Amino acid sequence: MDSSPNNCINCEEMDLSSGNASLVLADPVAINQSRLGFHLSVFTRLIPKKKGGKVDDVRSNGWLDAMQSSSPPRKRVVKDVASDDSDLVYFSWKLKYPSALKSFDHIINCAHNKKIVIFLDYDGTLSPIVDDPNRAFMSFDMRSAVKSVAKYFPTAIISGRSCDKVYELVGLTELFYAGSHGIDIMFPAKDTMSINHTNYIQSIDKQGKDVNLFQPAREFIPMINEVFRTLVEVTKDIRGALVENHKFCTSVHYRNVDEKNWPIIAQRVYDVLKDYPRLRLTHGRKVLEVRPVIDWDKGKAVKFLLQSLGLSNSDDVLPIYIGDDRTDEDAFTVLREGKHGYGILVSSVPKESKALLSLRDTLEVKDFLKSLVSWKEQMIK
Ligand SMILES: [Mg+2]
């Protein structure tokens, strides 16, 4: 079987039909007014919420469907007829999204005389998805692989977490960090090639080093803090719910919430958002993410970082973006539509994506990063 990607950056016949329909709700207020004739959020603040409350809004606007589809069940380990079928489906899906490991020779052929730039999501890409997001740690081997990659290629982490949190988890000073889905970017001042942007802020990191911050949503910080506090309050009686403040966005995790309570948690988040037309909701893996309505996403963060580093010339740069989330699709789209580099989806189950290639899990991500390092070390011998 030929595992080479049939839609590499130089190929004109790229399949653009595989994109996901957007699940972003740009304006929650406009979607569904309360049928009771007054603002539901006021109602829900006055009366303690009970299980089995009004969930029509989240059903009718597709939130529940999105929550279920964004959280595919883990693959069964026990072999039976059904798992054989799912293996077949997975292998046929791999024909459309070939393994980046099996396509490695093809990638390095495309990288000839080009500068490779690496973009990495964190959760589900460098660290396994775990029940407690505060314990989503990278393995020692993965940190070592990322450190080695950064030695040879400019490397950025682009995460939904706050920049500070992902920096704390990764702990490598040589990387660039873009938190809150790319709207909280930090990089050493020495690496800035272009500063022709109005949202640059010069600052000093915790270690006293000069850094440049790019924070196009800075004005939203007080609003996010307020929403975070409200979400903590309205979800405190839902067992397993966890709300996190990522500075420029806030997340409501329902990984540990009984599925029968998903409609309740969705409805409460929905009701809170009705008061904030400048915020929107996106669906991650068992997480509802509340973000500012600004024209910015992980794809724009990729473009911005390439431009800032003087690496936006597509003729001599090969960006590689590895991620597992719906929010990573914006970055995959930028690379695919620009016919510029490779988007690599991390997934052990079939799903539609704008990525060109795939890796099954974090172990394969680590192997891919190590392969890049080995190849580079061979080249410079
Ligand atoms: Mg992820």
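Residues numbered from 1 in each chain as written. Predicted model: local features only at pLDDT ≥ 70, side-chain atom pairs only at ≥ 80, totals over all residues. Heavy atoms only, no water.

1. Looking at the coordination of the magnesium ion
Item 1. For the magnesium ion, the full set of protein donor atoms is Asp121 (OD), Asp123 (O) and Asp324 (OD), and the range of their distances to it is 2.1 to 2.2 Å.
Item 2. Every donor residue of the magnesium ion comes from the same chain, spaced as D-x1-D-x200-D. Taken together, the positions of Asp123 in the loop between β1 (115-120) and α7 (140-152) and Asp324 in the loop between β11 (317-323) and α12 (329-337) put the pair 201 residues apart, joining distant regions of the chain. (Donors = N, O, S within 2.8 Å, 3.2 Å for Na, K, Ca; no water. Helix = DSSP H or I, 4+ residues; strand = E, 2+ residues; numbered from the N terminus.)

2. Notes on the nonpolar core
The tendency in soluble globular proteins is for nonpolar side chains to be buried side by side.
Item 1. Membership of the largest hydrophobic core comes to 58 residues, with the highest contact counts inside it found for Phe119, Ile185, Leu231 and Val269.
Item 2. Per-element tally for this core: the top contributor is helix α10 (residues 262-273), with eight residues.
Item 3. In this view, Ile185 contacts Tyr177, Ala178, Asn212, Leu213, Phe214, Trp296, Ala301, Phe304 and Leu305; residues no more than four positions away in its chain are not counted.
Item 4. Core analysis: the next-biggest nonpolar cluster, separate from the first, contains 46 residues, Ile107, Ile108, Leu318 and Leu359 among them. (Core = buried A, V, L, I, M, F, W, Y, C linked by side-chain atoms within 4.5 Å. Buried < 20%, exposed > 50% of the residue type's maximum accessible area, 1.4 Å probe, protein only. Contact = heavy atoms within 4.5 Å.)

3. Topic: the confidence of the model for the protein chain
Item 1. Here the protein chain shows a mean pLDDT of 81. Residues at 70 or above account for 78%.
Item 2. For residues 1-53, every residue scores under 50 in pLDDT, and the model assigns this stretch 97 contacts once sequence neighbours within four places are set aside.
Item 3. Low pLDDT (under 50) marks residues 75-79, which in the prediction has eight contacts with non-local residues, meaning those over four places away or in another chain. (pLDDT = per-residue confidence, 0-100.)

4. Focus: the packing of helix α9 (residues 221-235) against α10
Item 1. Between α9 and α10, whose axes approach to 10 Å, the crossing angle comes to 145 degrees. The handedness of the crossing between α9 and α10 comes out as right-handed. Judged by residue contacts, Val227, Thr230, Leu231, Val234 and Thr235 of α9 engage Ile265, Arg268, Val269 and Val272 from α10. (Axes fitted to C-alpha atoms, helices over the stretch in contact; angles between N-to-C directions. Left-handed = near helix turned anticlockwise from the far one by under 90°.)

5. A closer look at the sheet that holds strand β7 (residues 242-245)
As a general point, the strands of a sheet are linked pairwise by backbone hydrogen bonds and lie either parallel or antiparallel.
Item 1. The antiparallel open sheet is built from four strands, whose spatial order is β7-β8-β10-β9. Either end of the sheet is taken by a strand with one partner, and the two such strands are β7 and β9 (279-284). Averaged over all neighbouring strand pairs, the angle between strand axes comes to 20 degrees, with direction disregarded.
Item 2. Sheet analysis places β7 next to strand β8 (residues 250-253), joined by four bridges and oriented antiparallel. When the bridges of β8 are listed, Val243 appears paired with Val252.
Item 3. Across the face of the sheet, α9 comes into contact with β7, β8, β9 and β10 (287-292) while running at roughly 170 degrees to β7. (Pairing = 2+ DSSP bridges.)

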